[in-house]
Amino acid sequence: MIISEDVIRKVAKIARLELKDEEVIEFTKQIDDVLEAFKSLEKVDTKDVKPSFQPIEIKNVWREDKVKDYEWDPLSNSDNKENNYFKGPRSV
Amino acid sequence: MGVKEYLTQVKEGQIDLEDFVAKTVEKSKKIQEKYSPFITINESINVKTLKKGKLFGLPISVKDNICTKGLKTTAGSKILHKYVPPFDSFVTRRVKEEGGVIIGKTTMDEFGHGTFNTNTPFEIPKNPWDTERSCGGSSGGSGCLTSACDFPHIALSESTGGSISCPASFTNTVGITPTYGGVSRWGLISYANSLDKIGTIGKTVEDASLLLSIISGHDKMDSTSLDVKEDDYTKYLVNDVKGMKIGIPKEYFGEGIDEGIKKIIWDNIKTLENLGATYEECSLSHTDVAVQTYYIIAMSETSTNLAKLCGLRYGLEKPIKDGEGFNEYFSKIRKEGFGQEAKRRIIMGTYARMAGYRDQFYLKAMKVRTLIIEDFKKAFKKYDVIVSPSMPILPPKFKEIEKLTPLQVYMLDILTNPPNLAGVPMISVPGGFSHGLPVGMHIIADHLQEKKMIQVAHTFEQNTDYHKKKLVMK
């Protein structure tokens, strides 16, 4: 096994994803199966090969750092709002 | 009536648009009852506000991960089940500027995570060629509707790793996936930013090319949009392949590819040869590691993209309890809002990017992608296009899909993942029938060489009848 149920629980916590116990068991098996098969990437010689973060080389695009009024109502999709602000749970 | 004829008649005032749109909505509802291609049917179309552009009066369906102003956009997920975008994506803005009628939002695997459109909290679309079978995914709704409708229509679709070619292949329709960056992603709900491409599905090469011409071109709102001029792709609908060189990658006809499909594609290659093209077998040597590379990149990117979905600002929300912590709220919403495949991909993507595994998985995959791109670049120095089957299998039955493990499903992307990883354009065209089911043929071209694949696809279509085969309703 490459991974264990403990690892899946740890990753789920980092990803802020609450999993049921049966999901942990099922995912551990399925994900281990996938990672085992994906290990075949190791055999590919990538010495001196540069990573391609995009399929086509793309240059940075810059714009002036100017404040712009928004052209739509960003609050229109939320019920949790107050005085023109989004309302969220306590973060600290 | 075909799209071109319809557009001419509307322009000449021979069609009562109000009546036509009302009938189209009724027909869409009937199709929905039978095959379920929609998540939302647009019932508030006002024909009086349509602009008299190149698509004036033409029904356009939009995959549900593309934002449409005032029309619910879910990306196929419960976590966005009530999201109504307050803005239009670049592509739907272009469609509206040209007078297109957005008739509804088509169903998809949640966030594009799937090959059969079965990963959905909504109804699973059924293949009009056999309702016990899948339409393919993730853009199952786009393929399903295009195949089932008898009214003029083109679908706006999207592919990350094969989500246009797969449903096009399974539903006997034409799907174009353009060069990465050729169409703006502004307003697309991202699955994997370095792979997502908006494209088109139509009944003919002409239809798919027409809509591509409207949506392609540079957009300053998308920093990965290529600095290319708009092009009229319909001018490449030339019935001639004389002198064109076709590469046939031997790895795309290997183990795991259905024998009946292989035979059909080889017969089609002979058809293209008889029409004046030449072909040669070639090798894309990193094909055997493309699926692994694709999934590591796609899952890593999706795990970061989906982090924004946390029950705040839009989508699934709950009343916030006093004293409830941020992480507690966030985790609870995500537990309820995401389906199984989205959860699996978030876990795998997070794992592949974690300290200690990042070099082994994520960075390694990025390097192998370079080698896959180089395979294609090398091939396109010799050949105008590459031809292969679009999918290794015929549309499977739902009861067969249930038995597949996630790994077995991923491996079925073997023909679509490599060109999607390389960001090269591809078109899937109706290539024949096996056991009464559609078989798609893939024509792949070099970056920004859409014109070559459109020319080969159009020539093939003009000299065969597969796209004309009438659907026998089952």
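Residues numbered from 1 in each chain as written. Chains lettered and ligands numbered in written order. Predicted model: local features only at pLDDT ≥ 70, side-chain atom pairs only at ≥ 80, totals over all residues. Heavy atoms only, no water.

A.B. asks: Would you mind going over the overall build of chain B with me for this structure?
C.D. replies: Along the backbone of chain B there are 15 helices and 13 strands. For 474 residues, the compact-globule estimate of 2.2 N^0.38 gives 23 Å, and the C-alpha radius of gyration of chain B, at 21 Å, lies within 12% of that figure. Counting all 474 residues of chain B, 67% fall into the buried class. Partitioning the intrachain contacts of chain B with sequence separation of at least 6 by distance along the chain shows that 76% fall at a separation of at least 24. Accessible area for chain B stands at about 16600 Å²; split by element, carbon and sulfur atoms hold 50% of it. Considering chain B, the positive charge centre built from 62 side chains and the negative charge centre built from 56 side chains are found 2 Å apart. (Helix = DSSP H or I, 4+ residues; strand = E, 2+ residues; numbered from the N terminus. Rg over C-alpha atoms; globule rule 2.2 N^0.38 Å. Buried < 20%, exposed > 50% of the residue type's maximum accessible area, 1.4 Å probe, protein only. Contact = heavy atoms within 4.5 Å. Areas by Shrake-Rupley, 256 points an atom, 1.4 Å probe, with all protein chains shown as cover. Lys, Arg positive; Asp, Glu negative; His and termini not counted. Charge placed at Lys NZ, Arg CZ, Asp CG, Glu CD.)

A.B. asks: I keep staring at the overall build of chain A and nothing clicks. Help me out?
C.D. replies: In terms of helices and strands, chain A carries two helices and two strands. When the helices and strands of chain A are placed in sequence order, the string is α-α-β-β. Over its C-alpha atoms chain A spans a radius of gyration of 22 Å, topping by over 25% the 12 Å that the globule rule assigns to 92 residues. Over its C-alpha atoms, taken along the principal directions, chain A stretches across nearly 55 × 45 × 25 Å. Long-range pairs, those at least 24 residues apart, make up 35% of the contacts in chain A between residues at least 6 apart in sequence. Accessible surface, chain A as shown: approximately 7200 Å² in total, 49% of it carbon and sulfur. The positive charge centre, built from 17 side chains, and the negative charge centre, built from 21, are 4 Å apart in chain A.

A.B. asks: Explanation requested: the state of the cysteines in the structure shown.
C.D. replies: What we call a disulfide is simply a covalent bond connecting the sulfur atoms of a pair of cysteines. All names here are of chain B. Scanning all chains against the criterion turns up zero disulfides over all chains. Free cysteine cysteine 166: the closest other cysteine sulfur is in cysteine 135, separated by 9.7 Å. Residue cysteine 166 is classed as buried on the basis of its relative accessible area, which comes to 1%. (Disulfide = S-S within 2.5 Å.)

A.B. asks: Quick question: what am I supposed to make of the nonpolar core here?
C.D. replies: In a soluble, globular protein the nonpolar side chains are often hidden away together inside. Residue and element names in this part refer to chain B. Membership of the largest hydrophobic core comes to 155 residues, with the highest contact counts inside it found for Leu156, Phe376, Val387 and Ile443. In terms of residue count, the dominant contributor to this core is helix H11 (residues 359-382) (11 residues). When near neighbours in sequence (up to four residues on either side) are disregarded, isoleucine 443 contacts Val385, Ile386, Val387, Pro425, Met426, Ile427, Val429, Met453, Val456 and Ala457. Of all hydrophobic cores here, the second largest spans eight residues; its members include Cys166, Phe170, Phe398 and Val409. (Core = buried A, V, L, I, M, F, W, Y, C linked by side-chain atoms within 4.5 Å.)

A.B. asks: Just to check I follow, could you spell out the confidence of the model for chain A for this structure?
C.D. replies: Interpreting fine coordinate detail is not advised for predicted regions of low pLDDT. Taken residue by residue, chain A gives an average pLDDT of 92. The fraction at 70 or more is 100%. Mean pLDDT in chain A bottoms out at strand S1 (residues 81-82) of chain A, which sits at 91, and peaks at helix H1 (residues 5-14) of chain A, which reaches 96. (pLDDT = per-residue confidence, 0-100.)

A.B. asks: Would you take a moment to explain the interface of chain A and chain B for this structure?
C.D. replies: The accessible area lost on association of the parts is a frequent measure of interface size. Between chain A and chain B, the residue contacts involve 55 residues of the former and 71 residues of the latter. Here chain A meets chain B over a buried area of about 5500 Å², counting both sides, of which 68% is carbon and sulfur. In this structure, the salt-bridge partner of B:Asp288 is A:Lys43, at a minimum N-O distance of 3.8 Å. At the surface where chain A touches chain B, the tally comes to 24 residue pairs in polar contact (both at pLDDT 80 or more). Looking at the side of chain A that touches chain B, the elements that each hand over two or more residues are H1 and helix H2 (21-38) of chain A. Tallying contributions element by element places H2(A) first for the side of chain A that touches chain B, with 10 residues. Here the residues of the side of chain A that touches chain B are counted per class, giving 29 nonpolar, 11 polar and 15 charged. (Buried area = accessible area lost by both parts, 1.4 Å probe. Salt bridge = Lys/Arg side-chain N within 4 Å of Asp/Glu carboxyl O. Polar contact = N/O pair within 3.5 Å; in protein donor to acceptor, adjacent residues only side chain to side chain. Nonpolar A, V, L, I, M, F, W, Y, C, P; charged D, E, K, R; others polar.)

A.B. asks: How should the environment of B:Ser163 be read in this particular structure?
C.D. replies: Residue and element names in this part refer to chain B. By the secondary structure assignment, serine 163 is in the loop between strand S6 (154-159) and helix H5 (165-171). According to the relative accessible area criterion, serine 163 is buried, its value standing at 4%. Residues serine 163 and glycine 143 lie 20 residues apart in sequence; the distance between their C-alpha atoms is 9.9 Å. If we skip the residues at most four places from it in the chain, serine 163 touches Lys63, Gly112, Gly114, Gly137, Ser138, Ser139 and Glu158.

A.B. asks: Which parts of the structure should I look at to understand unusual backbone geometry?
C.D. replies: The bulk of non-glycine residues show a negative phi, and the bulk of peptide bonds are trans. In this chain, B:Gly137 is followed by B:Ser138 through a cis amide linkage whose omega measures 0°. Mapped onto the elements of the fold, B:Ser138 is located in the loop between strand S5 (130-134) and helix H4 (140-148).

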